[in-house]
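Residue-level structure breakdown
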Amino acid sequence: MNTFPTISSIENNDLRQQLQQIIGLKTKPLGALGRLESLGLQLGLIQGTTTPHIDQPQIRVFAADHGLAQHGTSAFPSAVTAQMVLNFLHGGAAINVLARQHNIELKVVDAGVATDFDSSYFKGNPQLLDYKVRHGSRDALNEPAMTDEECTLALNNGMKVAQELTGNLLIVGEMGIGNTSAASLLLARLGDLPIAECIGRGTGLDDAGLQHKEQVLTQVLERHSAATTPFAALAALGGLEIATMVGALIQAASDKLILLIDGFIASIALLVAEHLAPGVKQYAIFAHHSVEPGHTHLLQLLDAEPLLDMQMRLGEGSGAALAYPLLQSACAIINEMASFNDAGVSEKSSSENNN
Ligand SMILES: Cc1cc2ncn([C@H]3O[C@H](COP(=O)(O)O)[C@@H](O)[C@H]3O)c2cc1C
Ligand SMILES: O=C(O)c1cccnc1
């Protein structure tokens, strides 16, 4: 088992009051910028400042294969994981487009892809980071997806990925055919929910495929009924990319980075991180509501209200990249917008003056 770094509380009453006052005195009716105001407040508290700012935002896309995928739990074959990694490296995936649009640096982490990549991809200032624990997780129908050692290694790898980051904002994305199954299994176990409420079509299963997925996942949960602690559940039911993401989220929260959380898979990594290192969630901003049905339960468990609902179900970090400019706007409002005093605009009349 790992020991994890401590997570500082972001709560600071004086700072909260200062931020509330700064936002409240801007030239607008009180509260009129809605969630942009609470977002700015959270960013200020995370950074411990009245002038929050985003510097060198980073996306890490964690990729791995899943042994369980051989049982037909995804509409796509496992080979697509490696093919998509090459697509990321060649700049052609959805997340590449959004990262370029918003000037977010993107790197891919090989946490356990079944295919080996050409060594040239790892050289120099690489866009592909080699944290491969093994060639795909084990088949969770027969054994834990990871041994305790493999799971610990993946968590430690994720912490290293976060330690190597520049900048103050992290988006964790993922690519792993079959990983909606791993996320659903973890949600069912850690949220104590029926598996039927945690599953969805993922990459596009039809009705028969969805039924089959439910049967397979039910068997996996029975096989690992003893895996009830967060670590045991992660090892038995999770995946290498999910465990590596968990480590990265814990380390990044410990380093007081802003965590911009994508959809279903990134949110399950955050739930596990919160169980293993309580407090991580304070650093998280939930970007969007995924179409994957389990995400609704997961957001409730996390008491989270995502910023966007774009009917997306892709992963890769795409929903988080889309929400990123809202965070930039929240910072800019705090730092650049005039107060009533600065601009010589009259504040709301008091009720006495109206008499
Ligand atoms: C071409 C392609 C690109 C993707 N990018 C993200 N995912 C997403 O779909 C997968 C999870 O769904 P399931 O559990 O049904 O396999 C993950 O790889 C996730 O990142 C993709 C899936 C495909 C097919
Ligand atoms: O919301 C997600 O993270 C998601 C949904 C479907 C497929 N892959 C990822």
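Keep in mind it's a predicted model, so treat the numbers as computed, not measured.

**A closer look at the confidence of the model for the protein**
- Counting all residues, the mean pLDDT for the protein is 97, and 98% of those residues have values of 70 or more.
- This prediction of the complex comes with two scores: 0.98 for pTM and 0.99 for ipTM.

**Section: the site of ligand 2**
- Contacts to ligand 2 come from 13 residues, most closely from Gly263, Phe264, Ser290, Arg313 and Gly315.
- Among the residues forming the shell around ligand 2, the class breakdown is three nonpolar, seven polar and three charged.

**Observations concerning the site of ligand 1**
- Surrounding ligand 1, one finds 18 residues, the nearest of these being Ser74, Thr180, Gly202, Thr203 and Gly315.
- In terms of residue count, helix 6 (residues 179–190) provides more of the shell around ligand 1 than any other element does, three residues in total.
- Tallied by class, the residues present in the shell around ligand 1 amount to seven nonpolar, nine polar and two charged.

**A short note on the pairing of strand 1 (residues 58–64)**
- Among the seven residues that make up strand 1, seven are buried, leaving the element largely enclosed by the rest of the structure.
- Every second residue of strand 1 is oriented toward a common face, with Gln58, Arg60, Phe62 and Ala64 on one face and Ile59, Val61 and Ala63 on the other, all of them buried.
- In the sheet, strand 1 pairs with strand 2 (residues 105–112) via seven bridges, with the strands oriented parallel. Residue valine 61 lies in a different strand from strand 2, and its bridge partner there is valine 108.
- Pairing of strand 1 with strand 4 (residues 169–175), which is carried by six bridges, proceeds in the parallel orientation. By the bridge assignment, alanine 63 is partnered in strand 4 with methionine 175.

**A word on the UniProt feature "active site" (unreviewed entry) in the protein**
- The UniProt entry lists Glu316 under the feature "active site" (unreviewed entry), expressed in the numbering used here.
- Tracing the sequence through the fold places glutamate 316 in the loop between helix 11 (294–301) and helix 12 (318–336).
- Ignoring sequence-local partners within four residues, the contact set of glutamate 316 consists of Val61, Ala93, Ala94, Ile95, Gly173, Glu174 and Met175.

**Considering the packing of helix 6 against helix 10 (residues 264–276)**
- The contact between helix 6 and helix 10 brings their axes to 9 Å, and the two run at 40 degrees. Classified by the angle between their axes, helix 6 and helix 10 sit oblique to one another. Judged by the sense of rotation from one axis to the other, the crossing of helix 6 with helix 10 is left-handed. Residues Asn179, Thr180, Ala183, Leu186, Leu187 and Leu190 of helix 6 form the contact with helix 10, whose participating residues are Phe264, Ile265, Ile268, Leu271, Val272 and His275.
- Across the contact of helix 6 with helix 10, the residue classes tally to nine nonpolar, three polar and no charged.

**Digging into the domain arrangement of the protein**
- Taken domain by domain, the protein comprises domain 1 (13–53 + 333–343) and domain 2 (58–328).
- On a C-alpha basis, the centres of domain 1 and domain 2 stand 33 Å from each other.
- On the side of domain 2, seven residues touch domain 1, which itself brings six residues to the contact.
- Considered class by class, the residues forming the side of domain 1 that touches domain 2 number three nonpolar, two polar and one charged.

**Observations concerning the sheet that holds strand 2**
- Taken in spatial order, the six strands make up an open sheet running 3-2-1-4-5-6, and their pairing is parallel. This sheet does not close on itself; its edge strands, each paired only once, are strand 3 (128–130) and strand 6 (284–286). Looking at each pair of strands side by side, their axes are set apart by 30 degrees on average, direction ignored.

**Notes on the pairing of strand 4**
- With respect to burial, strand 4 is a largely interior element, seven of its seven residues being buried.
- In strand 4, alternate side chains face the same way, and those of Leu169, Ile171, Gly173 and Met175 on one face and Leu170, Val172 and Glu174 on the other are all buried.
- Direction of pairing for strand 4 relative to strand 5 (residues 258–261): parallel, over a ladder of three bridges. Paired with leucine 170 across the strands is leucine 259, a residue of strand 5.

Parameters and conventions
- Chains are numbered independently. Their residues run from 1 in the order of the written sequence.
- The naming scheme follows written order: chains are lettered A onward, ligands numbered 1 onward.
- Selection of residues for local features in this predicted model requires a pLDDT of at least 70, selection of side-chain atom pairs for listing and counting requires 80 or more, and totals for whole chains, interfaces and linings are taken over all residues.
- Confidence of the predictor at the level of single residues is given by pLDDT, which spans 0 to 100.
- In this text, near has one meaning. A residue is near a molecule or strand if its C-beta atom, placed using the backbone, is within 6 Å of it.
- Charged means Asp, Glu, Lys or Arg here, nonpolar means Ala, Val, Leu, Ile, Met, Phe, Trp, Tyr, Cys or Pro, and polar covers whatever is left, Gly included.
- Runs of E in the DSSP output that reach at least two residues are strands. Runs of H or I that reach at least four are helices, and both are numbered from the N terminus.
- For every residue, the other C-beta atoms within 10 Å of its own C-beta are counted; 20 or more classify it as buried, 12 or fewer as exposed, and values in between as partly exposed. C-beta atoms are placed from the backbone.
- For two strands to pair, DSSP has to find at least two bridges joining them.
- UniProt positions are given in the numbering used here, feature names are shortened, and annotations may be inferred rather than shown by experiment.
- Each residue is represented by a C-beta atom placed from its backbone, and any two residues with such atoms within 7 Å are regarded as in contact.
- For helices, the fitted axis covers only the stretch in contact; all axes are lines through C-alpha atoms, and the angles between them, taken along N-to-C directions, range from 0 to 180 degrees.
- An angle below 35 degrees is read as roughly parallel, one above 145 as roughly antiparallel, one from 65 to 115 as roughly perpendicular, and any other as oblique.
- Handedness of a crossing is defined here by the sense of rotation of the near helix relative to the far one, left-handed for an anticlockwise turn of less than a right angle and right-handed for a clockwise turn.
- Domain start and stop points were drawn from an automatic or database domain assignment.

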